[in-house]
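Spelled out, the chains give:
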Amino acid sequence: MESDHSNIRSVEISLGIIQQLVERDGARVTELAEELDIAPSTAHNHLRTLLNNGFVIDEGSVYYPSLEFLHVGEYARQRKVGYQKAEQHVKALAEESGGRTHFTVLEHGHGRYVYTKTGDLAVETFSRYGSQFPLHVTAAGKAMLAELPDWQIQEIVDQCGLKALTDQSITDEEELFAELEATRERGVAFNFEEHNKGISAVAASVQEPNGSLLGALTISGPAQRFKGDLIREEFPDLLLARVNELELDIVYSD
């Protein structure tokens, strides 16, 4: 856990415990104490507090996050009208394209999956609701980055880095900024096996009625099938039409 002087240590410990319970698929008191470098009694006290407030469950001395987080997460996913409207468009886009489609948002320098749907031609990937992904190697990430001013993009790069996930990943800042400029000109962003080998994608940003960034819609699928005019011409046209419909749906939601 990263820390600064404004953070409250006890809150950091509780959050660290929750993160470990997710990453480990449950854990015991001693395992958490060792991983977080805290006393077992401290780990136990935090767990009991989380348990008493309904945020963890105890199954035979192995602790897990509770479904209270589902309640919190569903609120977060529904709190904006644009988020609510996006779900039906993700489903429609999957049917129209046959690909795996996503609606994603930008949070704390990463993308997060809000909705996903799998079409007939898609490949299942590790894109679970709420999970985060790097921006510089994904079509959705680049589509969202392209909507930001250069100083904000630089802050994200400085914070998160440009780690290579495949041999196609962008790891150079100048190359990334050039790609984002091309994205602005095209209106769509591409990912050709930059995030996962064998998977390509195209994405476009979605705007709030006031012109600010809401998120992005994406179509992804197997690189051997999603290539040529299909991903460079047909899917972008389909995607931009769907983005336009979603944005109008948000405007006239009242």
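Residues numbered from 1 in each chain as written. Predicted model: local features only at pLDDT ≥ 70, side-chain atom pairs only at ≥ 80, totals over all residues. Heavy atoms only, no water.

**A word on the packing of helix H1 (residues 9-23) against helix H2 (residues 29-36)**
Between two packed helices, both the angle of their axes relative to each other and the distance between the axes serve to describe the pair.
Reasoning step 1: Contact pair H1 / H2: the axes reach a minimum separation of 10 Å and the direction vectors enclose 120°. Here H1 lies oblique to H2, going by the angle between them. The chirality of how H1 crosses H2 is right-handed. Between H1 and H2, the residues in contact are Arg 9, Ile 13, Gly 16, Ile 17, Gln 20 and Leu 21 and Leu 32, Glu 35 and Leu 36, respectively.
Reasoning step 2: Grouping the amino acids of the contact of H1 with H2 by side-chain chemistry returns 5 nonpolar, 2 polar and 2 charged. (Axes fitted to C-alpha atoms, helices over the stretch in contact; angles between N-to-C directions. Helix = DSSP H or I, 4+ residues; strand = E, 2+ residues; numbered from the N terminus. Parallel < 35°, antiparallel > 145°, perpendicular 65-115°, else oblique. Left-handed = near helix turned anticlockwise from the far one by under 90°. Contact = heavy atoms within 4.5 Å. Nonpolar A, V, L, I, M, F, W, Y, C, P; charged D, E, K, R; others polar.)

**Digging into H2**
Reasoning step 1: Turning to H2, its buried residues number three or more, namely Val 29, Leu 32, Ala 33 and Leu 36. Viewed end-on, H2 has its buried residues packed into an arc of 100°, placing them on one side of the element. Of the exposed residues in H2, those oriented more than 90 degrees away from the buried face are Thr 30 and Glu 34.
Reasoning step 2: On the buried face of H2, the contacting elements are H1, helix H3 (40-52) and strand S2 (62-65).
Reasoning step 3: Downstream of H2 by a residue or two, Asp 37 has a phi angle that is positive, lying close to 55°. (Buried < 20%, exposed > 50% of the residue type's maximum accessible area, 1.4 Å probe, protein only. Arc of directions from axis to C-beta.)

**What about the sheet that holds strand S8 (residues 213-222)?**
Reasoning step 1: What the 6 strands build is an open sheet, ordered S5-S4-S3-S8-S7-S6; its pairing is antiparallel. Two strands in the sheet have a free side with no partner beyond their single neighbour: strand S5 (132-133) and strand S6 (189-192).
Reasoning step 2: With 9 bridges joining them, strand S7 (residues 199-207) and S8 adopt antiparallel strand pairing. Within the sheet, the bridge partner assigned to Ser 200 lies in S8 and is Gly 221.
Reasoning step 3: Against the sheet, helix H9 (residues 228-251) engages S6, S7 and S8, with an angle of about 30° to S7. (Pairing = 2+ DSSP bridges.)

**So, the pairing of strand S3 (residues 100-107)**
Reasoning step 1: Among the 8 residues that make up S3, 6 are buried, leaving the element largely enclosed by the rest of the structure.
Reasoning step 2: Pairing of S3 with strand S4 (residues 110-118) involves 8 bridges; the strand directions are antiparallel. Bridging from a neighbouring strand, Arg 100 pairs with Thr 118 of S4.
Reasoning step 3: Taken together, the 5 bridges between S3 and S8 define a ladder with antiparallel strand orientation. Bridging across to S8, Phe 103 finds its partner in Leu 217.

**Here we look at the pairing of S4**
Reasoning step 1: In this antiparallel pair of consecutive strands, S3 and S4, the connection spans 2 residues, and His 108 shows a positive phi of 50°.
Reasoning step 2: The pairing of S4 with S5 spans 2 bridges and is classified as antiparallel. Note on S5: the bridge partner recorded for Arg 112 is Gln 132.

**A short note on the layout of surface pockets**
Reasoning step 1: Space inside the largest pocket adds up to approximately 2,200 Å³.
Reasoning step 2: Taken together, 40 residues make up the lining of the largest pocket; nearest its centre are Gln 19, Glu 107, Arg 112, Gly 130 and Gln 132.
Reasoning step 3: When residues of the lining of the largest pocket are traced back to their parent elements, those giving at least two are H1, helix H4 (68-78), S3, S4 and helix H7 (150-160).
Reasoning step 4: Sort the elements by how many residues they give to the lining of the largest pocket and H1 lands first, with 8 residues.
Reasoning step 5: Grouping the amino acids of the lining of the largest pocket by side-chain chemistry returns 20 nonpolar, 11 polar and 9 charged. (1 Å grid on protein atoms, 1.4 Å probe; cavity = no way out; pocket = protein on both sides within 12 Å on 5 of 7 lines; lining within 4 Å. Points joined across faces, edges and corners; volume = space filled by probe spheres on them.)

**Examining the nonpolar core**
Reasoning step 1: Core analysis: the largest hydrophobic core is formed by 23 residues, its most contacted members being Phe 103, Val 202, Val 206, Leu 217, Ile 219 and Leu 239.
Reasoning step 2: Of all the secondary-structure elements, those providing two or more residues to this core are helix H5 (81-97), S3, S4, S7, S8 and H9.
Reasoning step 3: Tallying contributions element by element places H9 first for this core, with 6 residues.
Reasoning step 4: With residues up to four places along the chain from it excluded, the contact list for Val 206 reads Phe 103, Ser 212, Leu 213, Leu 214, Gly 215, Ala 216, Leu 217, Val 243, Leu 246 and Glu 247.
Reasoning step 5: Of all hydrophobic cores here, the second largest spans 21 residues; its members include Leu 145, Leu 148, Ile 170 and Leu 176. (Core = buried A, V, L, I, M, F, W, Y, C linked by side-chain atoms within 4.5 Å.)

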